[in-house]
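Results of the structural survey
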Amino acid sequence: MVGGGGGGGHGVRTPANFPPRQKARLPRGPVHEKSLEQQKKGPSSSSPSVSSNKSPLQLAAAIVQPQKPLESPQHMVTPVRLQESPGPRTIPCSSGSVGSGSGAAPFDICIKRDDKCSIKLSRSLLEINREKRREREQLSKEAAPLQYLRPGMVLLKKFLKHDDQVDIIRRCQKLGIGSGGFYTPGYRDGGKLSLQMMCLGKNWDPNSRSYGDTRPFDGAQPPSIPEVFSKIVKDAIQASNEFLRQKARPANDVEELPPLSPDICLVNFYTSSGKLGLHQDKDETKPSLHKGLPVVSFSLGDTAEFLYGDVNDVDKASKVDLESGDVLIFGGKSRLIFHGVSRIKPKTAPNWLTDEAKLRPGRLNLTFRQH
Ligand SMILES: O=C(O)CCC(=O)C(=O)O
Ligand SMILES: [Fe+2]
């Protein structure tokens, strides 16, 4: 388990065979179903009828500069925002090591602890703990801890415990400034996107849309996926399957997510202006896709507005907020859904997280898959 028991104090909601880790992390409250499809018009069929031959990052470029045709060289040239506007409590006055082109200076997702340029309003441990407690209480009152979005798609609200979130950020920060760390994905013609990416396990190349053992632009080998991350992924799938078993009516019509042994993790850091166009994750192997092996996504920091649907059309997509600590799973019948991030909501990261992990304004996302 990552960190320690920072998220303790949650009640047990499920029967005896619920995974022990989950017992500690789930807040009290009814398990209920939330179908966003029901709230919003749009097709409910789960097998996509439209496919895209553009990579997610090409599609992101399309969102950033929608007036330009995707094939035009101009669409690629997207200014990378190197300096964030100051957050509510921390005011960095230099960009430090922010920003990188392919193979250039490393990108640090955290504001340096000893950054003399940061004006920090220090808060006591008591205050931080009070905030964490308030967050847990609010969650147990307002949101169902597990939400059924559509067949094969489950959202686990605040599944990542407080200490896990801090630990994940710290690990990504360390890996991100090392060999194989964060870079601004670019295209052959020199265009860049306002997103920082790092691959763990295997490298995903946005140009060829294929996986490899090293990065073509600098030969670096992606760092391994930390064991603690894989353990959380496994626990999240187990918790989802337990939830799906409970909600199954009739009881013999249980929908199960296949287990995942993640060997790929794409880590994205979005600044406040970051976006990701609608796309399908379909560069994994045919057996992996055919079995519907899930994509498991961790969200940390600022909230993302996440779009998903059966077709490559933002107007037909459903929308859900992904907050810090949320884990989203899409596998089975939803494995090939179109999805993307329409916007990052600035200054929505929990204060305690910014204080402890020193994450820059923005959002960190990790998606785990099996090749
Ligand atoms: O940031 C997210 O929530 C989605 C990321 C994603 O879709 C991807 O990396 O393929
Ligand atoms: Fe994706």
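Reading the values: rules and limits
Residues numbered from 1 in each chain as written. Chains lettered and ligands numbered in written order. Predicted model: local features only at pLDDT ≥ 70, side-chain atom pairs only at ≥ 80, totals over all residues. Heavy atoms only, no water. Donors = N, O, S within 2.8 Å, 3.2 Å for Na, K, Ca; no water. Tetrahedral: all angles 85-135°; square planar, octahedral: opposite > 155°, others 65-115°. Helix = DSSP H or I, 4+ residues; strand = E, 2+ residues; numbered from the N terminus. Core = buried A, V, L, I, M, F, W, Y, C linked by side-chain atoms within 4.5 Å. Buried < 20%, exposed > 50% of the residue type's maximum accessible area, 1.4 Å probe, protein only. Contact = heavy atoms within 4.5 Å. UniProt positions renumbered as here; feature names shortened; annotations may be inferred. 1 Å grid on protein atoms, 1.4 Å probe; cavity = no way out; pocket = protein on both sides within 12 Å on 5 of 7 lines; lining within 4 Å. Polar contact = N/O pair within 3.5 Å; in protein donor to acceptor, adjacent residues only side chain to side chain. Near = heavy atom within 4 Å. Areas by Shrake-Rupley, 256 points an atom, 1.4 Å probe, with all protein chains shown as cover. Sits in = over half its atoms within 2 Å of the grid points. Axes fitted to C-alpha atoms, helices over the stretch in contact; angles between N-to-C directions. Parallel < 35°, antiparallel > 145°, perpendicular 65-115°, else oblique. Left-handed = near helix turned anticlockwise from the far one by under 90°. Nonpolar A, V, L, I, M, F, W, Y, C, P; charged D, E, K, R; others polar. Expected span 1.5 Å × (residues − 1). Salt bridge = Lys/Arg side-chain N within 4 Å of Asp/Glu carboxyl O. Pairing = 2+ DSSP bridges.

**Observations regarding the coordination of the iron ion (ligand 2)**
Protein-derived coordination of the iron ion (ligand 2) comes from His279 (NE2), Asp281 (OD), Asp281 (OD) and His339 (NE2), at a distance range of 2.1 to 2.7 Å. Its 6 donor atoms give the iron ion (ligand 2) angles of 51 to 174 degrees at the centre, a pattern that matches the irregular case. Read from N- to C-terminus, the donor residues coordinating the iron ion (ligand 2) fall into the pattern H-x1-D-x57-H. Within this pair, whereas Asp281 is found in the loop between strand 9 (276-279) and helix 8 (286-290), its partner His339 is found in strand 14 (residues 338-345), the two being separated by 58 residues in sequence.

**Concerning the nonpolar core**
Core analysis: the biggest nonpolar cluster contains 45 residues, and Ile109, Phe298, Leu364, Leu366 and Phe368 have the highest contact counts within it. With residues near it in sequence (within four places) discarded, Leu366 still touches Ile168, Cys172, Phe229, Cys265, Leu266, Val267, Val296, Ser297, Phe298 and Leu300. Listed in part, the 17 residues of the second largest apolar core include Leu155, Tyr270, Val295 and Phe306.

**Some thoughts on the UniProt feature "binding site: Mn(2+)" (unreviewed entry) in the protein chain**
Sequence positions flagged by UniProt for "binding site: Mn(2+)" (unreviewed entry) are, in local numbering, His279, Asp281 and His339. Taken together, the annotated residues stretch across 61 residues yet fold into one region, lying no more than 8.6 Å apart by C-alpha. Set against the largest cavity, the annotated residues that line it come down to His279, Asp281 and His339. According to the relative accessible area criterion, Asp281 is buried, its value standing at 4%. Apart from residues lying up to four places away in sequence, Asp281 is in contact with Leu289, Val295, Phe330, Arg335, Leu336, His339 and Arg369. Engagement of the side chain of Asp281 in a polar contact is seen with the side chain of His279, the distance being 3.0 Å. When sequence neighbours within four positions are dropped, the list of residues in contact with His339 reads Gly277, Leu278, His279, Gln280, Asp281, Phe306, Leu307, Tyr308 and Phe330.

**Remarks on the site of ligand 1**
Around ligand 1 sit Asn268, Tyr270, Leu276, His279, Asp281, Phe306, His339, Val341, Arg363, Asn365, Thr367 and Arg369, and those are all the residues in its vicinity. Interatomic distance of 2.5 Å between a side-chain N/O atom of Tyr270 and an oxygen atom of ligand 1. At 3.2 Å from an oxygen atom of ligand 1 is found a side-chain nitrogen or oxygen belonging to Asp281. Across the complex, the protein chains shield 96% of the 300 Å² of accessible surface that ligand 1 would expose by itself. When atoms are counted within 2 Å of each cavity's grid points, the one that captures over half of ligand 1 is the largest cavity. For the shell around ligand 1, the secondary structure elements donating two or more residues are strand 8 (264-270), strand 9, strand 14 and strand 15 (363-369).

**Notes on the packing of helix 6 (residues 162-177) against helix 7 (residues 227-247)**
Packed helices, taken two at a time, are described by the angle their axes make and the gap between the axes. Contact geometry for helix 6 and helix 7: axes closest at 11 Å, N-to-C directions at 140 degrees. Taken together, helix 6 and helix 7 sit at an angle that is classed as oblique. Helix 7 is crossed by helix 6, and the crossing has left-handed handedness. The residues of helix 7 that touch helix 6, namely those facing Asp164, Asp167, Ile168, Arg171 and Cys172, are Val228, Phe229 and Ile232. Here the contact of helix 6 with helix 7 is built from residues that sort into 5 nonpolar, no polar and 3 charged.

**Here's the deal with the UniProt feature "binding site: succinate" (unreviewed entry) in the protein chain**
Here, the residues flagged by UniProt with the feature "binding site: succinate" (unreviewed entry) are Arg188, Tyr270 and Arg363. In this structure, the largest cavity is lined, among the annotated residues mentioned, by Tyr270 and Arg363. With respect to the helices and strands, Arg363 occurs in strand 15. For Arg363, a relative accessible area of 1% corresponds to the buried category. Discounting residues that sit within four places of it in the chain, Arg363 has contacts with Asn268, Phe269, Tyr270, Ser299, Leu300, Asp302, Ala304, Leu322, Val341 and Ile344.

**Considerations on helix 6**
In this model, helix 6 (16 residues) spans 23 Å end to end at C-alpha, consistent with the 22 Å of a helix rising 1.5 Å per residue. When helix 6 is considered as a whole, its buried residues turn out to be His162, Asp164, Gln165, Val166, Asp167, Ile168, Ile169, Cys172, Gln173 and Gly176.

**So, the pattern of salt bridges**
In this structure the tally under the stated criterion is 19 salt bridges. Note that Arg171 is salt-bridged to Asp167, the shortest N-O span being 2.8 Å. Highlighted residues: Arg171 and Asp167, both in helix 6, separated by 4 residues, approximately one helical turn. The exposure class of Asp167 is buried, given its relative accessible area of 18%. For Arg343, the salt bridge identified is with Glu305, shortest N-O distance 3.3 Å. Placement of Arg343 in strand 14 and of Glu305 in strand 11 (residues 303-309) is noted, with a sequence separation of 38 residues between them. Residue classification places Arg343 among the partly exposed residues on the basis of a relative accessible area of 38%.

**Quick word on helix 7**
Compared with the 30 Å implied by 1.5 Å per residue over 21 residues, the 30 Å span of helix 7 between its first and last C-alpha is a close match. With 15 of its 21 residues buried, helix 7 lies for the most part within the structure.

**Digging into the pairing of strand 3 (residues 146-150)**
Buried residues dominate strand 3, accounting for 5 of its 5 residues. The sheet contact formed by strand 3 and strand 4 (residues 153-156) spans 4 bridges and is antiparallel. By the bridge assignment, Arg150 is partnered in strand 4 with Met153. Where strand 3 folds back on strand 4, the antiparallel hairpin that results is connected by 2 residues, among which Gly152 adopts a positive phi of roughly 85 degrees.

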